Amino acid sequence: MNINPWGSEIIDVEKLYAEFGLQHITPEMSEFFKGELAFDRGMLIAHRGFDEYLKAFRDGKKVAVMSGIKPTGPFHLGSLQTAQELVMLQRRLKAKVFYAIADLEAYADNGSTYKRSEEVAIGNVADLLATGLDENNAYIYRQTREMRVIQLANIFARHTTKATMEALYGERHMGLYLAALVQMGDIYLPQHEDFGFSHVVVPVGLDQDPHIRLARDLASKDTGIKLTAPASTYHKIILSLDGQNKMSKRNPDSMLTLYDDEKTLKRKLANAFTGGRESAEEQRRLGGNPDICPVYHLGYDMFDTQEERNKERWERCKSGRLLCGECKKDIVEIIMQRMKEHKERRDEKEHIAREIVQGRFYSD
Ligand code: SF4
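Residues numbered from 1 in each chain as written. Predicted model: local features only at pLDDT ≥ 70, side-chain atom pairs only at ≥ 80, totals over all residues.

The subject of this paragraph is the overall build of the protein chain. For the protein chain, the helix and strand inventory stands at 16 helices and 6 strands. For 364 residues, the compact-globule estimate of 2.2 N^0.38 gives 21 Å, and the protein chain sits close to it at 21 Å. Dimensions along the principal axes, computed over C-alpha positions, put the protein chain at roughly 70 × 45 × 45 Å. Relative to its 364 residues, the protein chain shows a buried fraction of 44%. (Helix = DSSP H or I, 4+ residues; strand = E, 2+ residues; numbered from the N terminus. Rg over C-alpha atoms; globule rule 2.2 N^0.38 Å. Buried ≥ 20, exposed ≤ 12 C-beta atoms within 10 Å, placed from the backbone.)

Next up, the structure:
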């Protein structure tokens, strides 16, 4: 099985554990991060080497967290999910955040010009800051402007064969292979002597695992530079509203963005797949299935922080006391409130985002 990190297929998690050696989140990790929604609600489902990373933190070593965004559209829930993990690790471990604006990849994968990427990235970075990221303990950069990333990618290219790329990614055009190598430059940038972080974790969705495998493989090669294999954590993929695939920018009606207004949000949820029955009568009699319902998961996984309210929603749905119309209305209100608060913070941060993206202010 090879996974397509540029596609929108659902991943078979059990296969990844079995075939590729993903590790389960341990009770010790859940205990350590108790009180954090990502752990309490089971949003983080796997890792590679995160136990060693936490040990380094406990031993007093300085740690970093690395991630990024392909600036081809507004923040969607997957981007928000990753941003929340970055913020959590920055807050809990004082980890320095490295965040790549993947404009080289945006061109390779989507044909977006660098100029267009710059505009989109300003909004993306404003969203990142609105999520709570402290820009004073972060390094946010554009791939096209970060020569160290390009130099690292060039070194890694010398130690990577086409056969390796094909085995990991399938047959792709050279632009995507190049973008993957540039991502290796991003992942190893915190280890560059200018920064000196040897313990780095990369929070990703399961579909991004090929990049992590490539990165960890590079650490075992004689590249002439000292590399420590990065750790990774994996979050659950947020179900698309049609109940089929992960949310994807390629299918706008299947996903929410943080820019949806109330009318759009209502329309998207009205058309969403649910775990409900054919008719209201049947639902009252047999109950719905919240576990497979993307609407329920929007509340539980992302927006509704109140434990009791989620529990009650689940029980009322299961027992047939809650119908989908009322449930969607309730969730729309909760999401609107959260988005309103987020938008206020984003507006406050936009000028800083512009300075970062346009390069007048790098926070390192
Ligand atoms: S009542 Fe809510 S949780 Fe239950 S199936 Fe309908 S939309 Fe989903």
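If you trace the 6 strands from one edge of the open sheet to the other, you get 1-6-5-2-3-4, paired in mixed fashion. Every interior strand has two partners, whereas the edge strands, strand 1 (44–48) and strand 4 (138–142), have only one. Averaged over all pairs of adjacent strands, the angle between their axes in this sheet comes to 20°, without regard to strand direction. The sheet contact formed by strand 5 (residues 199–205) and strand 6 (residues 231–235) spans 5 bridges and is parallel. Its bridge partner lying in strand 6, Val201 is registered against Ala231. Of the strands in this sheet, strand 2 (63–69), strand 3 (96–101), strand 5 and strand 6 are in contact with helix 5 (residues 77–93), which crosses strand 2 at around 165°. (Pairing = 2+ DSSP bridges. Axes fitted to C-alpha atoms, helices over the stretch in contact; angles between N-to-C directions. Contact = placed C-beta atoms within 7 Å.)

The next subject is unusual backbone geometry. Positive phi is not limited to glycine here, since Lys94 has a value of about 55°. Positionally, Lys94 belongs in the loop between helix 5 and strand 3. Judged by the 12 C-beta atoms lying within 10 Å of it, Lys94 is exposed.

A word on the site of the ligand. The full set close to the ligand counts 13 residues, and Gly288, Cys293, Cys317, Cys324 and Cys327 are the nearest of them. Contributions of two or more residues to the shell around the ligand are made by helix 14 (294–303) and helix 16 (324–357). At 3 residues, helix 16 tops the list of elements feeding residues into the shell around the ligand. Residues of the shell around the ligand, tallied by class, amount to 8 nonpolar, 4 polar and 1 charged. (Near = placed C-beta within 6 Å. Nonpolar A, V, L, I, M, F, W, Y, C, P; charged D, E, K, R; others polar.)

This part is about the domain arrangement of the protein chain. Here the protein chain is partitioned into domain 1 (13–239) and domain 2 (252–345). Distance from the C-alpha centre of domain 1 to the C-alpha centre of domain 2: 30 Å. Counting residues at the interface gives 12 residues for domain 1 and 13 residues for domain 2. Sorting the residues of the side of domain 1 that touches domain 2 by element identifies helix 5 and helix 7 (114–130) as the ones contributing at least two each. (Domains from an automatic or database assignment.)

This brings us to the nonpolar core. Core analysis: the largest hydrophobic core is formed by 99 residues, its most contacted members being Ala64, Val65, Val97, Val125, Met184, Val201 and Val295. Two domains each provide a minimum of three residues to this core, namely domain 1 (13–239) and domain 2 (252–345). Residue contacts for Val295: discarding those within four places in its chain leaves Leu269, Ala272, Thr274, Cys327, Lys328 and Ile331. (Core = buried A, V, L, I, M, F, W, Y, C linked by C-beta atoms within 7 Å.)

This brings us to the packing of helix 14 against helix 15 (residues 307–319). Between helix 14 and helix 15, whose axes approach to 10 Å, the crossing angle comes to 160°. Relative to helix 15, the element helix 14 lies roughly antiparallel. Here helix 14 runs over helix 15; the crossing is left-handed. Counted together, Tyr296, Gly299 and Tyr300 of helix 14 and Asn310, Arg313, Trp314 and Cys317 of helix 15 form the full contact between these two elements. Along the lines of polarity and charge, the residues of the contact of helix 14 with helix 15 split into 4 nonpolar, 2 polar and 1 charged. (Parallel < 35°, antiparallel > 145°, perpendicular 65-115°, else oblique. Left-handed = near helix turned anticlockwise from the far one by under 90°.)

Glancing now at helix 16. Taking 1.5 Å per residue, 34 residues should reach 50 Å; helix 16 reaches only 42 Å between its end C-alpha atoms and comes up short. Considered for burial, the residues of helix 16 that qualify are Cys324, Cys327, Ile331, Ile335, Met339, Arg346, Lys349, Ala353, Ile356 and Val357. On its buried side, helix 16 packs onto strand 3, helix 7, strand 4, helix 12 (262–270), helix 14 and helix 15. Backbone geometry just downstream of helix 16 places Gly359 in the positive-phi region, at approximately 85°. (Expected span 1.5 Å × (residues − 1).)

The element strand 4 is extensively covered by neighbouring structure, given that 5 of its 5 residues are classed as buried. Burial along strand 4 is two-sided: Ala138, Ile140 and Arg142 and Tyr139 and Tyr141, pointing in opposite directions, are all buried. Pairing between strand 3 and strand 4: 5 bridges, direction parallel. In the strand pairing of strand 4, Ile101 is matched with Arg142.

The next thing to look at is the packing of helix 7 against helix 16. Axis separation between helix 7 and helix 16 bottoms out at 7 Å; the angle between their running directions is 130°. By the angle class used here, helix 7 and helix 16 are oblique. With respect to the hand of their crossing, helix 7 and helix 16 are arranged in right-handed fashion. Residues Glu118, Ala121, Ile122, Val125, Ala126, Asp127, Leu129 and Ala130 of helix 7 touch helix 16, and the partners they reach there are His342, Arg345, Arg346, Lys349, Glu350, Ile352, Ala353, Arg354, Ile356 and Val357. Class assignment for the residues of the contact of helix 7 with helix 16 results in 10 nonpolar, 1 polar and 7 charged.

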